[in-house]
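Close look at the chain arrangement
Below are the chains, spelled out letter by letter.
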Amino acid sequence: MATTNIAGQRRQELIAGYSFVAPALIILLVFLFIPMFFTLWMSFRDWSGITPPAESGAVGLQWYERLLVLDNVRRTDFFTAFKNTFYYALGVVPTQTVLALLLAVIANQQLLRFKGFFRTTFYFPSITSSVAIGLIFLWIYQSGGILNQVIKAVNPAYRNISWMNDPTGIIHNTLAVFGLTLRTAPAWLTETNVLGLTLWQWLSGPSVTMTALMMLVIWTTAGTMMLVFLAALQDIPRPLYEAASVDGATSVQQFFSITVPMLRPTIFFVVTLGLIGTFQVFDQMFVMTSGGPAGTTTSLAYLIYRAGFNDSQMGLASAISVLLFLIIFTATLIQRRIFSDRAVA
Amino acid sequence: MKKQILYATAALLVAILAVTACGGGTTPTAAPPPTTATQPTTAPEATTAPATTAPQATTAPSGSATKLQLLGWSSSDAENNLLNTIVDQFNKSQTQYTASFDPSPNYDQALQTALAGGAPPDVFYVDSLKFPDLMKNNVLATPPANAIQDPDDFYPSLKAAFTANGTFYCPPKDFSTLALIYNKKMLDAAGVKPPTTWDELKAAAEKLTDSSKGVYGLALSADAARWVAFLYQAGGTVLDANGKMNIDTPEAKVALDYYTGLLAAGYAVTPDKVDSGWNGEAFGKEKVAMVVEGNWMVPFLKSDFPNVEYDIAELPAGPKGKATMAFTVCYGVPKNGAHLDGSWQFVNALTNKQGMKEWTDLGLAMPTRKSLRDGWVQKFPNLKVFLDGADYSHPWQFGPGFTVVTDAINKGIQEIAAGQATSESVLKTVQKAGEDVLAQ
């Protein structure tokens, strides 16, 4: 008697539980899982995106072969976009994390006046539309724009950089200072072809235009990350700092020996979010550069868009999406390994 | 019906995934081509006339009439209003159908999703560059006999652009060609005559350039849709007679070296160097004396830079004579459209001699029918050069999937201009890209 009662109660709880999560589950299913598997399926088909998907033919691994193995324009485009995105992430993630941490520490100071003002100011770029910001930065970055004018006022010898239309890589430009250019570089650099790009091209670094986009993105996202750090900072128990000051630790020592270790899970979270966000970057390229100049700001996500809607190759676009997922997944795994190793040590 | 809904949902889901996977935040509108007829440049629309998304209200639909949707893009209110006038006339001329013009800021996406979803618009713009892609996917309806009035009246090159396997699929609504537009005052001040050959163009550009004042001879964007005209002038081609990629030729090298040479010498600038979004803006601001642009410049200058005194000349002839590009758009009807009969009636009303005369007499676009030529030239004598271009123009059309190739050309020109590539390596890359796309 008692057991059946418990079983009945269990069942009721089960039904109640599932009906509570049902709305979220259905939304996830319709807007996340079905499209995910649809994309995976499409990456094995030659769907143009113009005719109904069921009319497309199966092409097996052809798209992946073109993207990764065969020497052809798709592979060159894919690895160019990969290179662009990689340099972008490499520049943005560490910078925005460090900047966000600094801003959070500043905004968390006990003695700081107008704390609310600073917090709002730091956070403001994050809640502004990325399109609006993009358009305003287009003005700032014009060759006669504010940025160039300010630099010129400080340094009259400065020659205007056309920020939005300079495809030269910043590593290339640095090498050029030491006399190493495309014409003087050794043949093994300019002739060796790795995955559709020469070693010289791989070494370019982000283009000047991409760097301009990176600065903009760091400025906008640091605020969001700051908020995360700020919440975590307030969770660090005060007595730790008090004990440290009694022992004579300077505030710099306190920062590196208390604050940073206590924030390790938060740093992991912020870096992971940053990695995912940077690998999926799209808005700025779409609004500001259309992937140019010379394709140097074509990110993987923007390449997916171009392949799907300008080139009418949804199958190809799907295959790139799947590869992008694998890239992000791998990057996150590697980064997790790094952080957990440190935690053990 | 159920199947259609399924397809529509599936297409929508892919679209959502494609866009949302690309980071948060809403995405804005893509820059629509800023002109009536096609203008395949990357000119951001912000710099030209502001794009409008709100279609003007056409006549109120009468109770029983079947609705027809015309999907296209738009560059200005003026253009929308003019087209709506023509659409209204069609609606008044009969009672069976009520058509409305629906300009979409994301035309490519809108058309693609609608087609894939099995619920296409009744009539839609088809750009000549995209026509081969649509044919490859077999989505256009074959016009029934007599659906297109007097098809031989269209210029042969424009008709050919929308003909596949011997069938003329859709009548071109209007077209644009490239010409040399020059600033009268600046040329007079420098004592320069409008150039007629490449050598003269170079000499004129040199004379007109005064970099200390930030003024240059010519604005040349790194744009395949401009350079390909020079390619034809040099006797080169993109595809050979058999449809094979044939751009890695000595003629193409001459054209590429000439084009990028003007930039390298500093007689020509890309528009961003003079703080402009596209060639036309640089010209309007009088930062450059000449541009290679199409008839869309005329309404643009009239509305944005009414005080600039300009004139129009044929593009300078290259080593192998004259050539220009023709950009055109046709009214396509989808194979699985719901009201095929109405669609064809509507298309015919827009493109028959009377309809096209009314549309092109509004002054925004050029008639694609030979029979309207003389009347139009009389009405717009200053635009004669553009219309004459039809005789020696090449259509802006290559093969399916060629946006990848035009992208490669754009990229190559920019790389050469930045000293990061040579014309030989760029032509090799473009040749390879074209071969890859054609083999696919």
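Residues numbered from 1 in each chain as written. Chains lettered and ligands numbered in written order. Predicted model: local features only at pLDDT ≥ 70, side-chain atom pairs only at ≥ 80, totals over all residues.

**Side note on the overall build of chain B**
Test applied: Helix and strand labels come from DSSP, where a helix needs a run of H or I of at least four residues and a strand needs a run of E of at least two; each type is numbered from the N terminus. To sort residues by exposure, count the other C-beta atoms lying within 10 Å of each residue's C-beta; 20 or more gives buried, 12 or fewer gives exposed, and values between give partly exposed, all with C-beta atoms placed from the backbone.
When helices and strands are tallied, chain B shows 17 helices and twelve strands. Buried residues in chain B amount to 55% of all 440 residues.

**Description of the overall build of chain A**
A count of helices and strands for chain A gives 16 helices and two strands. In terms of principal-axis extent, the alpha carbons of chain A reach across some 85 × 70 × 40 Å.

**Remarks on the interface of chain B and chain A**
Which entries qualify depends on this criterion: Contact between residues is assigned whenever the C-beta positions, reconstructed from backbone atoms, fall within 7 Å. Side-chain classes follow a simple rule in which Ala, Val, Leu, Ile, Met, Phe, Trp, Tyr, Cys and Pro form the nonpolar group, Asp, Glu, Lys and Arg form the charged group, and the remainder, Gly included, forms the polar group.
Every contact between the two is made by 41 residues of chain B and, on the other side, 49 residues of chain A. Elements supplying a minimum of two residues to the side of chain B that touches chain A: α1 (2-20), α3 (107-116), α4 (131-136), α16 (403-417) and α17 (423-439) of chain B. Looking at the side of chain B that touches chain A element by element, the count peaks at seven residues for α1 of chain B. Here the side of chain B that touches chain A is built from residues that sort into 19 nonpolar, 13 polar and nine charged.

**Thoughts on the confidence of the model for chain B**
Residue and element names in this part refer to chain B. Definition in use: What pLDDT reports is the predictor's confidence in each residue, on a scale of 0 through 100.
Predicted confidence across chain B gives a mean pLDDT of 85, with 86% of residues reaching 70 or more. The element-level mean pLDDT for chain B is lowest in α1, coming to 50, with helix α8 (residues 224-233) highest at 96. Note on residues 15-62: pLDDT is under 50 here. Beyond four places in sequence and across chains, it has 138 contacts. Interface predicted TM-score (ipTM) for the complex: 0.83; the corresponding pTM is 0.84.

**A short note on the packing of helix α3 (residues 73-107) of chain A against helix α13 (residues 264-279) of chain A**
All names here are of chain A. Note the cut-off: To get an axis, a line is fitted to the C-alpha atoms, and for a helix only the part in contact is used. The angle between two axes follows their N-to-C directions and goes from 0 to 180 degrees. Handedness of each helix crossing follows the sense of rotation of the near helix against the far helix: counterclockwise by less than a right angle gives left-handed, clockwise gives right-handed.
It is at 9 Å that the axes of α3 and α13 come closest, and there the two elements cross at 145°. Handedness of the crossing formed by α3 with α13: right-handed. Here T85, Y88, A89, V92, V93, Q96, T97 and A100 of α3 lie close against α13, whose contacting residues are I267, V270, V271, G274, L275, T278 and F279.

**A closer look at the pairing of strand β9 (residues 288-294) of chain B**
All names here are of chain B. For clarity, the threshold we go by: Following DSSP output, two strands are said to pair if at least two bridges run between them.
Most of β9 sits inside the fold, with seven of its seven residues counted as buried. Alignment of strand β6 (residues 172-183) against β9, held across five bridges, turns out to be antiparallel. Bridging from a neighbouring strand, I181 pairs with V291 of β9. Where strand β7 (residues 216-219) lies against β9, three bridges are found, and the strand directions are parallel.

**Overview of the domain arrangement of chain A**
Interfaces are frequently sized by the accessible area removed from exposure as the parts join. To keep it simple, the criterion reads: In this entry, domain limits derive from an automatic or database-based domain assignment.
In terms of domain boundaries, chain A breaks down into domain 1 (2-42) and domain 2 (72-169 + 205-344). Taken over C-alpha atoms, the centre of domain 1 of chain A sits 36 Å from the centre of domain 2 of chain A.

**Overview of the pairing of strand β11 (residues 324-332) of chain B**
Residue and element names in this part refer to chain B. With nine of nine residues buried, β11 is to be regarded as a mostly interior element. Burial along β11 is two-sided: the face carrying T324, A326, T328, C330 and G332 and the face carrying M325, F327, V329 and Y331 are both buried. The pairing of strand β3 (residues 123-127) with β11 spans four bridges and is antiparallel. The residue bridging Y125 from the neighbouring strand is Y331, located in β11.

**So, the environment of F162 of chain B**
All names here are of chain B. Following the sequence through the fold, F162 ends up in the loop between α5 (156-161) and β4 (163-164). For F162, a count of 25 C-beta atoms within 10 Å puts it in the buried group. Beyond its immediate sequence surroundings of up to four residues, F162 is in contact with F131, F168, Y169, C170, P172 and C330.

**Considerations on the packing of α3 of chain A against helix α4 (residues 115-127) of chain A**
Residues and elements named next belong to chain A. Using the following cut-off: Each angle gets one of four labels, with under 35 degrees taken as roughly parallel, over 145 as roughly antiparallel, 65 to 115 as roughly perpendicular, and the rest as oblique.
In the contact formed by α3 and α4, the axes pass within 10 Å of each other and the chain directions differ by 160°. Compared by their axis directions, α3 and α4 come out roughly antiparallel. For the pair α3 and α4, the sense of crossing is left-handed. Residue-level contacts link L103, I106 and A107 of α3 to K115, F118, R119 and F122 of α4. Looking at side-chain class alone, the contact of α3 with α4 contains five nonpolar, no polar and two charged residues.

**Considering unusual backbone geometry**
Cis geometry marks the peptide bond from G292 of chain A to P293 of chain A, where omega comes out at -10°. Structurally, P293 of chain A is set in the loop between α14 (283-289) and α15 (300-310). The phi torsion at N138 of chain B lies on the positive side, around 55°, for a residue other than glycine. By the secondary structure assignment, N138 of chain B is in the loop between α4 and α5. One non-glycine residue, N165 of chain B, lies in positive phi territory at about 50°. Within the secondary structure, N165 of chain B is located in the loop between β4 and β5 (167-168).

**Some details on helix α5 (residues 130-141) of chain A**
Residues and elements named next belong to chain A. Our working definition: In this analysis, the expected span of each helix is defined as 1.5 Å times one less than the number of residues it contains. This arc corresponds to the set of directions leading from the helix axis out to the C-beta atoms.
Between its first and last C-alpha atoms α5 spans 16 Å; for twelve residues at 1.5 Å apiece the expected length is 16 Å, and the two agree. All of the buried residues along α5 are S130, I133, G134, F137 and Y141. For α5, the buried positions fall inside an angular range of 100° around the axis, keeping them on one side. Of the exposed residues in α5, those oriented more than 90 degrees away from the buried face are A132, I136 and W139. Against α4, α6 (146-154), α10 (208-233) and α14 lie the buried residues of α5.

**Notes on the nonpolar core**
This is how it is decided: The nonpolar core criterion groups buried Ala, Val, Leu, Ile, Met, Phe, Trp, Tyr and Cys residues into a set whenever they are joined through C-beta atoms within 7 Å.
Counting residues in each nonpolar core, the largest one holds 130 residues, and the members touching the most others are L218, A255, A268 and V288 of chain B. Those residues in contact with V288 of chain B that lie beyond four places of it in its chain are Y216, G217, L218, A219, V269, V274, A282 and F283 of chain B. Judged by nonpolar contacts, the second largest core, of 62 residues, contains L101, A104, A107 and L300 of chain A.

**Some thoughts on helix α11 (residues 238-246) of chain A**
Little of α11 of chain A sits inside the fold, with zero of its nine residues counted as buried. G248 of chain A occupies a position one or two residues after α11 of chain A and carries a positive phi of about 90°.

**Concerning the environment of M297 of chain B**
Residues and elements named next belong to chain B. Within the secondary structure, M297 is located in helix α11 (residues 297-304). The spatial distance from the C-alpha of M297 to the C-alpha of A421 is 32 Å, given a sequence separation of 124 residues. For M297, the contacting residues outside a window of four places in its chain are I181 and G280.

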